[in-house]
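Residues per chain, in single letters:
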Amino acid sequence: PDLVIVARFASRSEAIVAQSLLRSEGIETLMPEFNVLMADMDPSMMEHGWRLLGVSEDAVRIAAILRDAQLDRDADA
């Protein structure tokens, strides 16, 4: 299957939360930068941000899940 970038995040913690949410929905993703520890201390090391890669066939579903989660978070604020 083809992997595509399905989401980008400014911080590692945001990416981990999103990845956990998607996993709870049965969708596996990869975070290529997961082991880049210094990026939290020096953001300039992360040129592209924290990326989640997923199967291209899941991209629309992933976008909907993440959008709904953002809407729920904003409603709670």
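This one's a predicted model, so the numbers in the text were calculated from it and none came from an experiment.

Participant: Give a detailed account of the side chain of Gln19, specifying residues and quantitative values.
Facilitator: The residue Gln19 is located in helix α1 (residues 12–24) in this model. Sequence-distant contacts of Gln19, defined by excluding residues within four places in its chain, comprise Thr29, Leu30, Met31 and Leu52.

Participant: Describe the pattern of salt bridges, naming the residues involved and giving the relevant values.
Facilitator: A full pass over the atoms with the stated rule returns 1 salt bridge. Put simply, Glu28 and Arg23 hold a salt bridge, and the shortest N to O gap is 3.4 Å.

Participant: Give me the layout of surface pockets: which residues, what numbers.
Facilitator: The calculated volume of the largest pocket comes to roughly 260 Å³. The wall of the largest pocket is formed by Phe9, Glu14, Val17, Ala18, Leu21, Leu66, Ala69, Gln70 and Arg73. When contributions to the lining of the largest pocket are tallied by element, the ones reaching two or more residues are α1 and α2 (59–76). When grouped by side-chain class, the residues that make up the lining of the largest pocket number 6 nonpolar, 1 polar and 2 charged.

Participant: An account of the nonpolar core is requested, with residue identities and associated values reported.
Facilitator: By size, the foremost hydrophobic cluster in this structure holds 13 residues, and its most contacted members are Phe9, Leu22, Leu52, Ile62 and Leu66. Residue assignment for this core shows that the elements contributing at least two residues are β1 (3–9), α1, β2 (50–55) and α2. Once residues within four sequence positions are removed from consideration, Leu66 is found in contact with Ala7, Phe9, Ala18, Leu21 and Leu22.

Participant: Give a detailed account of the environment of Ala18, specifying residues and quantitative values.
Facilitator: Of note, Ala18 is situated in helix α1. As for Ala18 and Leu52, which are separated by 34 residues in sequence, their C-alpha atoms are 8.7 Å apart. Residues contacting Ala18, with those up to four places away along its chain left out, are Phe9, Leu52 and Leu66.

Cut-offs and rules
Residues numbered from 1 in each chain as written. Predicted model: local features only at pLDDT ≥ 70, side-chain atom pairs only at ≥ 80, totals over all residues. Heavy atoms only, no water. Helix = DSSP H or I, 4+ residues; strand = E, 2+ residues; numbered from the N terminus. Contact = heavy atoms within 4.5 Å. Salt bridge = Lys/Arg side-chain N within 4 Å of Asp/Glu carboxyl O. 1 Å grid on protein atoms, 1.4 Å probe; cavity = no way out; pocket = protein on both sides within 12 Å on 5 of 7 lines; lining within 4 Å. Points joined across faces, edges and corners; volume = space filled by probe spheres on them. Nonpolar A, V, L, I, M, F, W, Y, C, P; charged D, E, K, R; others polar. Core = buried A, V, L, I, M, F, W, Y, C linked by side-chain atoms within 4.5 Å. Buried < 20%, exposed > 50% of the residue type's maximum accessible area, 1.4 Å probe, protein only.

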